[in-house]
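Letter by letter, the chains look like this.
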Amino acid sequence: MSTILFELGCEELPPKSLKPLRDALQASVTEQLNEAEIGFDSIKAFAAPRRLAIRIEGISDKQPDRSEQKRGPAIKAAFDSDGNPTRAAMGFAKGLGIDASELITINTDKGDYVGYEQIIQGQATTELLPTIFQTALDNLPIAKRMRSGASRNEFVRPVQWAVLMQDDAVIDATIQGHQTGKQTRGHRFHSPDYHEITHANDYEQLLDDLKVVADFDKRQTLIKNQVKTLADEVNADPIVPQDLLDEVTALVDFPIALRANFEARFLQVPQEALISTMQADQKYFCLTDKAGKLQPYFIFITNIESKDPNQIIEGNEKVVRPRLADAEFFFLQDQKQPLFALTESLKTRVFQDKLGTIWQKSERIAKLAAFIATLMQQQGRDINVDETVRAAILSKADLASSLVGEYPELQGIAGTYYARLNDEPEAVAASLQEQYLPKFSGDVLPQTPIGICLALADRLDTLVGIFAIDQAPTGSKDPFSLRRSAIGILRILIEKQLPINLVALVEQAIKGYSTSEGSKIAKMGDTFTQVMAFLNSRYRAMYTEQGVSVDTIQAVQAINPHMPLDFDQRIRAVQTFSELPQAEKLADSNKRVANILAKSEVSVADTVDEALLSEAAEQTLYQAVQQAQMAVKPLLETADYTQVLQTLVSLDAPLSDFFADVMVNSEDAALKNNRLALLKQVRALFLTVADISELQL
């Protein structure tokens, strides 16, 4: 058992790709070692700005030997009547380089054959490793590879050196066009020269001494701890997004955190703009107070141990000041006119060539949002329709602002700031930011009633319009994020407990495209059908992400509920039902009922003639159905679907007895049709919740 060390030294690797490259390298090497049956105790990948490395401890020296059985001709063809080998046997033996006397008999189900069992010697690990590492490098997820100088070897960045060692010895190989050795390089500034690695086990400690923390995770932990310490000194909380943390970790070999300041006057600017520019442009960690309000500090990570840190701090303060001043300028410039005045320029800004301007979209959103607000009022929600219309008209105004022009991610957020400065009602101002929620899977939903109306109206308008011009998503292409929008609509209606019918919403959204000059939608019926089908198809994606089984979703989709909240209640009821001991049997019985009814050649009546119920089992089932119908009626009125299915469990035994004792397809047509009518009532009872025949239990 020994330790293997592999290191590839490069020019600075792309910081956003470093962590994925490290993980992919380790995964590929691990997979290849397992395929080659090379045992090892542990494997660890290292990644720093100028290197990718792998250390494998306790690795076996060679592959295990394995036996391989070769099968030749049948015994009857291999030996003559005197037991002497035939030409067939001798030819087989010659092909293996052995004498015919060394052949053995192999017994199989199809008869006996001659054969030979040979031992295949395992290859030495050191012979296999160069190919394993080169293959792993070739398979790394690199979008665009490059060549350096005259070399024909391609990699994400020019390669400078390669290390491949077994314990203290070099494994001779050529990887990425470089002869392997045992010399590495330290920190670009603190230890730029080559240094010899005396033993593979010494790799990490040697680099630590050379001011390189090679372990990505260890380096990241150092950054987090230093940032927290500096933040605690000013009683603040750092904003540390994981993506930014990964990128900063990939930019430095030897992280040292420093805290700097900026002028407090910049805090009048929307803090989202300040945070955006400091994070995206400068890779700084911003600080807030305990209430989440931005503080006039930032923390940055330097890659050098300076004798005078103040010079570095002052340099960063000098660099960030103009960026914050730009944000301040845009913010103040926008305030020279009220937010509503910005809507004028929306009349010339195109939303989509065939769907008109952003101003026209705002008008459609206003009509649809007012419709939704009225429905919410009727349901007892506290919402002002006039304020909803006002919010909708202002909803896209900040797209014409200088601040959003410079920081597109602030759309909605800037509008909220400007609306408050213009003394718009708080319900209106807050909704301008909320209209874009949820922005991604699992994101928070709008909280205010007007924000809910705007979020729904905006998504529905886009959904209907894009389908109307035949730009629906295809395959993986979804340039307008319609799948995300559809799930957002469903989530809002479900999680905000809004009993609103999708049919009414889609129809109203389509009407919004009609003007005095006609409709922008040529085929309203087709558009309605396509949008409804698209929304219904999103249930599967949404619920499978929550861990709901596909058959449960299909059971509810089979009856096509048009109200998302109602759909969700049915899903939960079927989930609960599926856990009952009678569920499997009832699901099978429902399948049987559905098949029998589907094969009926005549129209099945809705009512049962009690006088024709001649068998005891069908009489018992009829009585059970009658009782169930009465029991579930009030439950359906309150949409208590869970209790409905709990009640219908009582049909398990009567239904089983019916199938055991009663011939449905009686020769007497009257009896047959009456029994079909009884089964139709059974089927109808379950379909009040879902088609449980779809369940795979």
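Residues numbered from 1 in each chain as written. Predicted model: local features only at pLDDT ≥ 70, side-chain atom pairs only at ≥ 80, totals over all residues. Heavy atoms only, no water.

Caption draft 1: How the structure looks around the sheet that holds strand β1 (residues 2–10). Strand order in this open sheet of five strands is β2-β3-β1-β9-β10, and the pairing throughout is antiparallel. Both edges of this open sheet fall to β2 (42–48) and β10 (169–170), since each of them pairs with a single strand only. Bridge analysis of β1 against strand β3 (residues 51–59) gives seven bridges, and the strand direction is antiparallel. Residue pairing across strands places Gly9 opposite Arg51, the latter belonging to β3. (Pairing = 2+ DSSP bridges. Helix = DSSP H or I, 4+ residues; strand = E, 2+ residues; numbered from the N terminus.)

Caption draft 2: Just the layout of surface pockets, in detail. The volume enclosed by the largest pocket comes to roughly 590 Å³. Along the walls of the largest pocket sit 20 residues, with Gln411, Tyr436, Asp458, Phe480 and Arg484 positioned nearest its centre. Put simply, the parts of the chain that give the lining of the largest pocket at least two residues each are α10 (358–378), α15 (449–468) and α16 (482–495). Counting residues per element, the lining of the largest pocket draws most heavily on α15, at three residues. The residue inventory of the lining of the largest pocket, partitioned by class, reads eight nonpolar, five polar and seven charged. (1 Å grid on protein atoms, 1.4 Å probe; cavity = no way out; pocket = protein on both sides within 12 Å on 5 of 7 lines; lining within 4 Å. Points joined across faces, edges and corners; volume = space filled by probe spheres on them. Nonpolar A, V, L, I, M, F, W, Y, C, P; charged D, E, K, R; others polar.)

Caption draft 3: Summary view of the packing of aromatic side chains. In the structure shown here, the tally under the stated rule is 13 aromatic pairs. With 4.4 Å between their ring centres and 15 degrees between their planes, Phe6 and Phe133 make a pair best called stacked. You can see Phe6 sitting in strand β1 and its partner Phe133 sitting in helix α4 (residues 125–138), a full 127 residues away along the chain. Judged by relative accessible area, which is 0%, Phe6 ranks as buried. Residues Phe46 and Tyr203 carry aromatic rings whose centres are separated by 5.4 Å and whose planes lie at 70 degrees to one another, so their mutual orientation is edge-to-face. With Phe46 in strand β2 and Tyr203 in helix α5 (residues 203–209), this pair connects stretches of sequence that are 157 residues apart. A single burial state applies to Phe46 and to Tyr203, both of which are buried. In textbook terms, an aromatic cluster arises when at least three aromatic residues are bridged by ring pairs, as seen for Tyr284, Phe298 and Phe300. One cation-aromatic arrangement involves Arg538 over Phe534; the distance from NZ or CZ to the ring centre is 5.5 Å. (Phe/Tyr/Trp six-rings, centres within 6.5 Å; stacked < 30°, edge-to-face > 60°. Buried < 20%, exposed > 50% of the residue type's maximum accessible area, 1.4 Å probe, protein only. Lys NZ or Arg CZ within 6 Å of the ring centre and 35° of its normal.)

Caption draft 4: View of the pattern of salt bridges. This model, assessed by the stated rule, comprises 35 salt bridges. A salt bridge links Lys218 to Asp208, with the nearest nitrogen and oxygen atoms 3.4 Å apart. With a gap of 10 residues between them, Lys218 in helix α6 (residues 216–233) and Asp208 in helix α5 connect regions that are remote in the sequence. Judged by relative accessible area, Asp208 falls into the partly exposed class, the value being 25%. Its salt-bridge partner being Arg483, residue Asp478 comes within 3.8 Å of it at the nearest N-O pair. Under the relative-accessibility criterion, Arg483 is labelled partly exposed at 23%. Residues joined in a network through salt bridges with shared partners are Lys44, Arg55, Glu57, Glu204 and Asp215. (Salt bridge = Lys/Arg side-chain N within 4 Å of Asp/Glu carboxyl O.)

Caption draft 5: A look at the pairing of strand β6 (residues 111–120). Bridge analysis of strand β4 (residues 66–74) against β6 gives seven bridges, and the strand direction is antiparallel. Directly across from Ser67, in β6, lies its bridge partner Ile119. Examined bridge by bridge, strand β5 (residues 104–108) and β6 share five bridges and lie antiparallel to one another. When the bridges of β6 are listed, Thr108 appears paired with Gly111. Taken together, β5 and the strand that follows it, β6, pair antiparallel across an intervening segment of two residues.

Caption draft 6: Local environment of the packing of helix α19 (residues 550–557) against helix α20 (residues 564–578). At a minimum axis distance of 9 Å, the contact between α19 and α20 shows a crossing angle of 130 degrees. Judged by the angle between their axes, α19 and α20 are oblique. The crossing of α19 and α20 is right-handed. Contacts between α19 and α20 involve Thr552, Ile553, Val556 and Gln557 from the former and Phe567, Arg570, Ile571, Val574, Gln575 and Ser578 from the latter. For the contact of α19 with α20, the residue count by class is five nonpolar, four polar and one charged. (Axes fitted to C-alpha atoms, helices over the stretch in contact; angles between N-to-C directions. Parallel < 35°, antiparallel > 145°, perpendicular 65-115°, else oblique. Left-handed = near helix turned anticlockwise from the far one by under 90°. Contact = heavy atoms within 4.5 Å.)

Caption draft 7: Spotlight on the side chain of Gln352. Along the chain, Gln352 falls in strand β19 (residues 350–352). Overall, the relative accessible area of 16% leaves Gln352 in the buried class. Within the local environment of Gln352, its side chain forms a polar contact with the backbone nitrogen of Lys354, the two atoms lying 2.7 Å apart. Excluding anything up to four places from it in sequence, Gln352 contacts Ile469 and Phe480. (Polar contact = N/O pair within 3.5 Å; in protein donor to acceptor, adjacent residues only side chain to side chain.)

Caption draft 8: Quick peek at the sheet that holds β6. On the basis of which strands lie adjacent, the open sheet formed by three strands has the order β4-β6-β5 and antiparallel pairing. If you trace the sheet from one side to the other, it starts and ends with β4 and β5, each paired once. Averaged over all neighbouring strand pairs, the angle between strand axes comes to 45 degrees, with direction disregarded. Taken strand by strand, helix α3 (residues 87–96) contacts β4 and β6, and its axis lies near 155 degrees from that of β4.

Caption draft 9: The environment of Glu263, seen in detail. Counting through the fold element by element, Glu263 comes out in the loop between β16 (256–261) and α8 (271–280). Classification of Glu263 by relative accessible area gives partly exposed; the value is 28%. Taking C-alpha positions, Glu263 is 8.3 Å from Arg321, a pair spaced 58 residues apart along the chain.

Caption draft 10: Region of interest: α8. The element α8 is extensively covered by neighbouring structure, given that seven of its 10 residues are classed as buried. The set of residues buried in α8 consists of Ala273, Leu274, Ile275, Ser276, Thr277, Met278 and Gln279. In this structure, the buried side of α8 is in contact with α7 (242–251), β17 (285–288), β18 (294–302), α9 (309–334) and α12 (402–406).

Caption draft 11: Looking closely at the side chain of Ser60. Among the structural elements, Ser60 can be located in the loop between β3 and β4. Ignoring sequence-local partners within four residues, the contact set of Ser60 consists of Met1, Ile38, Gly39 and Thr125.

In short, the description is geometric, and any link to function would need to be established separately.
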